[in-house]
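The residues making up each chain are set out below.
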Amino acid sequence: MPRPTTRPTTRPTTRHDLPHDPPQSRPHAPSVPLAATPAQTVGPFYGYALPFPGGEQIAPAGHPGTVTVHGCVRDGAGAPVPDALLEFWQAGPDGSLTGAPGSLRRDPVTGAVIGRNGVDFTGFGRVPTDADGHYVVRTLPATAPAGCPDAAPYLAVCLFARGLLHHLFTRVYFPEHATAHAADPLLARLPAERAKTLLARPDGPGRYRFDVHLQQAQDGTYEETVFLAFR
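Residues numbered from 1 in each chain as written. Predicted model: local features only at pLDDT ≥ 70, side-chain atom pairs only at ≥ 80, totals over all residues. Heavy atoms only, no water.

**Student:** Looking at this model, I keep getting lost on the overall build of the chain. Mind explaining?
**Tutor:** Scanning the chain for helices and strands turns up 3 helices and 11 strands. Here the chain holds 231 residues, and the buried ones make up 35% of them. In the chain, of all internal contacts separated by at least 6 residues, the share reaching a separation of at least 24 is 68%. When the accessible surface of the chain is totalled, it reaches about 15,200 Å², and 58% of it is carbon and sulfur. (Helix = DSSP H or I, 4+ residues; strand = E, 2+ residues; numbered from the N terminus. Buried < 20%, exposed > 50% of the residue type's maximum accessible area, 1.4 Å probe, protein only. Contact = heavy atoms within 4.5 Å. Areas by Shrake-Rupley, 256 points an atom, 1.4 Å probe, with all protein chains shown as cover.)

**Student:** Is there a simple way to explain the pattern of salt bridges in this structure?
**Tutor:** Counting across every chain of the model gives 6 salt bridges. Here Glu-193 makes a salt bridge to Lys-196, at a shortest N to O gap of 3.4 Å. The exposure class assigned to Glu-193 is partly exposed, which follows from its relative accessible area of 46%. For Lys-196, a relative accessible area of 52% puts it in the exposed group. Between Asp-203 and Arg-207 there is a salt bridge, with its nearest N and O atoms 3.3 Å apart. Among the residues examined, Asp-203 registers a relative accessible area of 32% and is labelled partly exposed. Residue classification places Arg-207 among the partly exposed positions, given a relative accessible area of 34%. (Salt bridge = Lys/Arg side-chain N within 4 Å of Asp/Glu carboxyl O.)

**Student:** In this structure, what is going on with the nonpolar core? I would like to understand it.
**Tutor:** Grouped burial of nonpolar side chains is what soluble globular proteins tend to show. Counting residues in hydrophobic clusters, the biggest one holds 27 residues, and the most contacted among them are Val-73, Leu-86, Phe-88, Leu-159 and Phe-174. For this core, the elements supplying multiple residues, two or more each, are β1 (67-74), β2 (85-89), β6 (134-139), β7 (154-160) and β8 (168-173). The residues touching Phe-174, leaving out its near neighbours within four places in the chain, are Val-69, Ala-142, Leu-155, His-181, Leu-199, Ala-200 and Tyr-208. In terms of nonpolar packing, the next biggest core, distinct from the first, is built from 9 residues, Tyr-173, Leu-186, Leu-187 and Ala-195 among them. (Core = buried A, V, L, I, M, F, W, Y, C linked by side-chain atoms within 4.5 Å.)

**Student:** What exactly am I supposed to notice about the environment of Val-119 here?
**Tutor:** Mapped onto the elements, Val-119 comes out in the loop between β4 (113-115) and β5 (124-128). Separated by 17 residues in the primary sequence, Val-119 and Gly-102 place their C-alpha atoms 8.2 Å from one another.

**Student:** For this particular structure, what's the right way to read the pairing of β1?
**Tutor:** Moving residue by residue along a regular strand, the side chains alternate between the two faces of the sheet. Of all 8 residues that make up β1, 7 are buried, and the element is covered over most of its length. Of the strand pairs in this sheet, β1 and β6 are connected by 6 bridges, and their pairing is antiparallel. Residue pairing in the sheet places Cys-72 in a bridge with His-134 of β6. As defined by bridge partners, β1 adjoins strand β10 (residues 207-209) across 3 bridges and the pair is classed as parallel. In the sheet register, Thr-68 faces β10, and the bridge partner there is Arg-207. Judged from the 2 bridges that link them, β1 and strand β11 (residues 212-213) form a sheet pairing that is parallel. Counterpart to Arg-74 in the pairing with β11 is His-213. (Pairing = 2+ DSSP bridges.)

**Student:** How should I be thinking about the sheet that holds β7 in this particular structure?
**Tutor:** Through backbone hydrogen bonds, the strands of a sheet pair up, either in parallel or in antiparallel fashion. Spatially, 4 strands are ordered β5-β2-β7-β8 in an open sheet, and the strand pairing comes out antiparallel. Among the strands making up the open sheet, the edge pair consists of β5 and β8. Averaged over all pairs of adjacent strands, the angle between their axes in this sheet comes to 25°, without regard to strand direction. Across 5 bridges, β2 lies against β7 in antiparallel orientation. Each bridged residue has a counterpart across the sheet, and for Leu-85 the counterpart in β7 is Phe-160. (Axes fitted to C-alpha atoms, helices over the stretch in contact; angles between N-to-C directions.)

Structure follows, in structure tokens:
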């Protein structure tokens, strides 16, 4: 009687059954330096919700003493920055820093921001730059803060712009207060060329121009605006 034939049995091969090299003989991938990825910024989104109607009108509507301050925000290549946002803060005519409500009124029906009431001087303005990097605010003449006897009148400025991880602070001084500039605690500490970057220049009756330069010009035609750090 013939013997039955059987098929040889096989066992699946596992990774433990495969030959392998000892750790010291394994080849290593060549060390290749990785190229840096390009810098990216998220946003900015300043023009979406932060501006409000009448943000440039710091002075009460129709006030006879209103002055206009305008200028351009530029980068180190001299190109305008079209999506920057500037906030202006200043002491009241009596030197107080308390301000007044009225800047962020809302429509009671729709809830939309309708801006200032047109009566109170709040001491605060917020304005975006336009497509040409230009801004404009209308306010009362600057005064020195009360309790700072040596300070010259100025406007405080806070600047937000693309590429800035932190907002920048600077000031606007005015040419008619030249005598007070000599004793001002900030201007007196700056070299003359640097102090000039904080000085607005006359630009017609009741008008001043103040440009903000985020970096010194590559051709040296203008210096970086002096920015301040608060500690």
